[in-house]
Amino acid sequence: MFQRLPASVKVVEVGPRDGLQNETELVSTTDKVRLIKALAASGLKAIEVTSFVSPKWIPQLKDASEVAEALGVLPAVTTSCLVPNLRGYERFQETKLNELALFMSASESHSKKNINKTIAEALVALKEVADKGKADGYRIRCYVSVVFECPYEGRVGKSQVLEITEQLLSMGVDEISLGDTIGAATPKEVYEMVDLLAAKVDRSKLALHFHDTRGTALANVVAGLEAGVTIFDASIGGLGGCPYAPGAAGNLATEDLVYMLNGMGISTGIDLDKLVDAGALAQKILGRPLPGRYLKAALATREKEAARSHLCDSSPVRADSAIS
Ligand code: HMG
Ligand code: MG
């Protein structure tokens, strides 16, 4: 058991994009920037901060340019954002963000719902952006959504995922994030999918992006680690969903992931207490508790300790305990 655990992994925080794109109430630009800065303060070195998609499709992130402008440069942090087409690339180029995140789907139906394009059309649009991005010297990651199951078509063929992955690599994409968009994967399939792709792709280029709809996300991470993956996407407090994947719950919570990795002796460079501070801020901004389990437990402990110290502070000093 646990034959090949890595010494360290990269955690990619996607809450400000994957999480906030799904909120019904608009979050202010100021609050988005406060949250991103709190996440960076926890030691996260890769944060997806926003999305240059059509504001008609995702109004929640229509202030992407303002967010990027207010953020400026976060020292030593890779700041990425979704870009679907050349219009999005033009907007991205006006910012100081430093990584492009392209995205597409492994099923035709999800592709049409998400970006109004067939898979073949999506690959053409991605290549246009990738060519420009490479020429301009940007690092590029690309998501492939619904790699295990599509909400409209059911199980997705592994050979389809392999074919898409190879095409993305031929475009010069640096990192491919495999999306379990509706949180349907189980550990054995994760292991087998990575193993299959690894015949053609360097494992160090693969990331795993789990949503936790059916509670399998952490188990899937362990399977991914065993299969040699060292990059995992997660979202503060378990924020998230997918606007075009009915029933998709939030992403794997970043604090749950970091807690588990810490316990397994795998380093992330992230301070869990500061991550909890960021989670508490996210809850305050959104005005509701988030689903992350570690966050819930850590905040309950903090509350109990605060109540105890308040009790101690306010208890009357007994005359016989006075210092002589
Ligand atoms: P379309 O309607 O087919 O194309 O959208 P269009 O070119 O006709 O554009 C429609 C309007 O949007 C036009 O404006 C364009 O100018 C404008 P109008 O002429 O009507 O006034 N427009 C833009 N504006 C700003 N920035 C742009 C842009 N592009 C067009 N970049 C399009 C096609 C791809 C644009 C649209 O479908 C879209 O934006 N889709 C994004 C959907 C999305 O963001 N989904 C969620 C992210 S994916 C995800 O969550 C999964 C992931 O987390 C991994 C996983 O979990 O699996 C990544
Ligand atoms: Mg997602």
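Everything here concerns the structure above.
A.B. asks: What is the right way to read the overall build of the protein from this model?
C.D. replies: Within the protein, the regular secondary structure consists of 12 helices and 10 strands. The principal-axis extents of the C-alpha atoms in the protein amount to approximately 85 × 50 × 35 Å. Out of the 324 residues in the protein, the part that is buried amounts to 54%. Look at the contacts in the protein between residues 6 or more apart in sequence, and 75% of them connect residues 24 or more apart. In the form shown here, the protein has an accessible surface area of approximately 14200 Å², with 53% of it arising from carbon and sulfur atoms.

A.B. asks: It is not clear to me how the coordination of the magnesium ion (ligand 2) should be interpreted in this structure. Could you clarify?
C.D. replies: Note on metal sites: the ideal angle is 109.5 degrees for four tetrahedral donors, and 90 or 180 degrees for six octahedral donors. Ligation of the magnesium ion (ligand 2) by protein atoms is provided by Asp 18 (OD), His 209 (NE2) and His 211 (NE2), these donors lying 2.1 to 2.3 Å from the ion. Between consecutive donors of the magnesium ion (ligand 2), the numbers of intervening residues give the motif D-x190-H-x1-H. Here Asp 18 is found in helix α1 (residues 15-19), whereas its partner His 211 is found in the loop between β9 (206-210) and α9 (217-226), with 193 residues between them in sequence. Overall, His 211 belongs to the buried group, its relative accessible area being 2%.

A.B. asks: I'm lost on unusual backbone geometry in this one. Help?
C.D. replies: What is expected of a backbone is that most residues other than glycine have negative phi and most peptide bonds are trans. Positive phi, normally seen in glycine, also occurs at Ala 76, with a value near 65°. Among the secondary structure elements, Ala 76 is positioned in the loop between α3 (64-71) and β3 (78-82). Residue Val 146 is not a glycine yet carries a positive backbone phi of 45°. Along the chain, the position of Val 146 falls in the loop between β5 (139-145) and β6 (149-150). Judged by its relative accessible area of 0%, Val 146 is buried.

A.B. asks: I keep staring at the environment of Leu 225 and nothing clicks. Help me out?
C.D. replies: Position of Leu 225 relative to the elements: it lies in helix α9. If we ignore the near neighbours within four places in the chain, the residues touching Leu 225 are Arg 4, Leu 5, Pro 6, Val 9, Phe 232, Leu 261, Met 264 and Ile 266.

A.B. asks: Which parts of the structure should I look at to understand the site of ligand 1?
C.D. replies: The local shell around ligand 1 holds 28 residues, among which Lys 56, Asn 114, Asn 116, Ser 145 and Thr 181 are the closest. Contact with the protein chains hides 76% of the accessible area of ligand 1, taken as 1100 Å² for the molecule alone. Secondary structure elements with two or more residues in the shell around ligand 1: α1, α4 (86-93), α5 (108-115) and β5. It is α4 that provides the largest number of residues to the shell around ligand 1, a total of three residues. In terms of residue class, the shell around ligand 1 is built from 11 nonpolar, 11 polar and six charged.

Procedures and definitions
- Residues numbered from 1 in each chain as written.
- Chains lettered and ligands numbered in written order.
- Predicted model: local features only at pLDDT ≥ 70, side-chain atom pairs only at ≥ 80, totals over all residues.
- Heavy atoms only, no water.
- Helix = DSSP H or I, 4+ residues; strand = E, 2+ residues; numbered from the N terminus.
- Buried < 20%, exposed > 50% of the residue type's maximum accessible area, 1.4 Å probe, protein only.
- Contact = heavy atoms within 4.5 Å.
- Areas by Shrake-Rupley, 256 points an atom, 1.4 Å probe, with all protein chains shown as cover.
- Donors = N, O, S within 2.8 Å, 3.2 Å for Na, K, Ca; no water.
- Near = heavy atom within 4 Å.
- Nonpolar A, V, L, I, M, F, W, Y, C, P; charged D, E, K, R; others polar.

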